[in-house]
Amino acid sequence: MTATPAPIAFIDLKTQRLRIADKVEAALKKVLEHGAFVMGPEIIALEKQLAQWGGVKHALACASGTDALVLALMAKGIGPGHAVFVPSFTFVATAEAAVLVGAAPVFVDILPDLLTMDPASLQRCIDSCPSHLEPKAVMPVDLFGQPADYVALGAIAAKHGLTMIADAAQSFGAALHGTPVGALAEMTTTSFFPAKPLGCYGDGGAVLTDDDELIEILRSIRNHGQGRDRYEHARIGVNGRLDTMQAAILLEKLAIFADEIQARDRIANRYTQLLADVVATPVVIAGGTSVWAQYTMTTANRDAVIKALNADGVPTGIYYPTPLHLQGPYAAFPRDPAGMAVTEDKMGHVFSLPMHPYMDEATQDRIVAALRQAVETSP
Ligand SMILES: *Cc1c(COP(=O)(O)O)cnc(C)c1O
């Protein structure tokens, strides 16, 4: 008689929670006792540690990864009449933030192997930018946990005087040529949504920068445009603060983050070793590391493969089923004049496997066996 195998988690947050439960509970109790629920001492401590991780002087904790993007755009005065170059193959927030500040997203195609912003497509989008829009910023996305090609993209941004804002919601903790994500762009944003590699127990985000002036502007915008004192307002801002409780939780998660990144890398490499002959496994940029927010690959018969996997008890994800330039609210914004061929091709073929630092080899072997069989038997 064989026992029914335990269900496989797509992302296992429970094991992590149990690992640090005592520490988190003690940290939360401390916040309850000191009572500084907004902008308490844990916020300052977290910002210091985030800046260290990101290899920059400053970090600003904020309410979400989306707010982080909005704050970064606002800090540079980006708004109506401005073009912000973004990939279409991303979570909606990247383009949404541009629209929220009144700017126009311009959709850039992706590289076929790395799935991050294609520098040649960025150049075409800048060259063909409609005359009513002034090119202002480029926001590459570190899709699935690895840095975009900041060397090539940075050269183009510099040539055209564009601000570079890195959307590192999925890649905080990764690096490119030894430079940590956080120091690869003028400003870097990240998200602490629970399912991200560094997640809290609710919503949260951060902006990182080396710029002493920008951090002051960001601090002011995060808190209603505050000036020299609480009821003096130097600019239009928002309420974009992170709760102290979330900072307390993140400090405990940061203590095990390096260990978790190592585990993610080990598990991802093992997937690649065991699967490279049956599907197109993910490619990490030369000189870069990934924190494996997702383990995403492509296969010709994707829909049949994931149906077979799901029937076998293996959960899967599709990031992202529909690129932004094909979705109603974004359909009218400009895009690469040569088309969005790579983005449109990948959307029909990508799928992601369970990925988290606590996956044991037996579980991974089950997933691998199921995928190998699904690929063989799928039409
Ligand atoms: C998750 C995510 C965001 C938004 O973060 P929130 O904290 O959910 O607002 C932005 N960009 C990318 C690429 C993301 O994956």
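Residues numbered from 1 in each chain as written. Predicted model: local features only at pLDDT ≥ 70, side-chain atom pairs only at ≥ 80, totals over all residues. Heavy atoms only, no water.

- Identification of the protein chain as Pleiotropic regulatory protein from Magnetospirillum gryphiswaldense is taken from an unreviewed UniProt entry.
- UniProt, in its Sequence similarities (unreviewed entry) section for the protein chain, records the words "Belongs to the DegT/DnrJ/EryC1 family." (UniProt positions renumbered as here; feature names shortened; annotations may be inferred.)

### A look at empty space enclosed by the protein
Okay, step 1: The final tally for this structure, using the stated rule, is one cavity of 30 Å³ or more.
Okay, step 2: Looking at the largest cavity, its volume works out to about 90 Å³.
Okay, step 3: Lining the largest cavity are 15 residues; nearest its centre among them are L13, Q16, P197, R264 and P357.
Okay, step 4: Contributions of two or more residues to the lining of the largest cavity are made by α1 (13-34) and α9 (257-275).
Okay, step 5: Across the lining of the largest cavity, the residue classes break down as seven nonpolar, three polar and five charged.
Okay, step 6: Each of domain 1 (14-254) and domain 2 (256-377) contributes no fewer than three residues to the lining of the largest cavity. (1 Å grid on protein atoms, 1.4 Å probe; cavity = no way out; pocket = protein on both sides within 12 Å on 5 of 7 lines; lining within 4 Å. Points joined across faces, edges and corners; volume = space filled by probe spheres on them. Helix = DSSP H or I, 4+ residues; strand = E, 2+ residues; numbered from the N terminus. Nonpolar A, V, L, I, M, F, W, Y, C, P; charged D, E, K, R; others polar. Domains from an automatic or database assignment.)

### Considering the nonpolar core
Okay, step 1: By size, the foremost hydrophobic cluster in this structure holds 50 residues, and its most contacted members are L46, L50, F85, L122, V138 and L198.
Okay, step 2: Apart from residues lying up to four places away in sequence, L46 is in contact with A61, L242, A247, L250, L251 and L254.
Okay, step 3: Counting 31 residues, the second largest nonpolar core, distinct from the first, contains L60, A103, Y330 and M340. (Core = buried A, V, L, I, M, F, W, Y, C linked by side-chain atoms within 4.5 Å. Buried < 20%, exposed > 50% of the residue type's maximum accessible area, 1.4 Å probe, protein only. Contact = heavy atoms within 4.5 Å.)

### Side note on the pairing of strand β9 (residues 205-209)
Okay, step 1: Where burial is concerned, most of β9 is hidden: five out of the five residues are buried.
Okay, step 2: Residues G205, V207 and T209 of β9 are buried on one face, and the alternating residues A206 and L208, pointing to the opposite face, are buried as well.
Okay, step 3: Of the strand pairs in this sheet, strand β1 (residues 58-62) and β9 are connected by five bridges, and their pairing is antiparallel. Bridge assignment links A59 to a residue of β9, and that residue is L208.
Okay, step 4: In the sheet, strand β8 (residues 187-191) pairs with β9 via five bridges, with the strands oriented antiparallel. Bridge pairing in β9 places M187 opposite T209. (Pairing = 2+ DSSP bridges.)

### Concerning the UniProt feature "active site" (unreviewed entry) in the protein chain
Okay, step 1: Taken from the UniProt record, the annotation "active site" (unreviewed entry) applies to K196.
Okay, step 2: On the secondary structure map, K196 appears in the loop between β8 and β9.
Okay, step 3: Judged by its relative accessible area of 18%, K196 is buried.
Okay, step 4: Dropping the residues within four chain positions of it, K196 is found in contact with A169 and S191.

### Topic: the layout of surface pockets
Okay, step 1: In this structure, the largest pocket encloses a volume near 440 Å³.
Okay, step 2: Looking at the largest pocket, it is lined by 26 residues, and the ones nearest its centre are F91, Q170, S191, F193 and K196.
Okay, step 3: Put simply, the parts of the chain that give the lining of the largest pocket at least two residues each are α3 (65-75), α4 (93-100) and β8.
Okay, step 4: Here the residues of the lining of the largest pocket sort into twelve nonpolar, eleven polar and three charged.
Okay, step 5: Shared between two domains, the lining of the largest pocket holds at least three residues of each, these being domain 1 (14-254) and domain 2 (256-377).
Okay, step 6: Considering only enclosed or pocket space, the second largest pocket measures out at about 230 Å³ in volume.
Okay, step 7: Forming the boundary of the second largest pocket are 20 residues, of which D113, L115, P282, V283 and T296 lie nearest the centre.
Okay, step 8: A per-element tally of the lining of the second largest pocket places strand β10 (residues 295-298) first, with three residues.
Okay, step 9: Here the lining of the second largest pocket is built from residues that sort into eleven nonpolar, seven polar and two charged.

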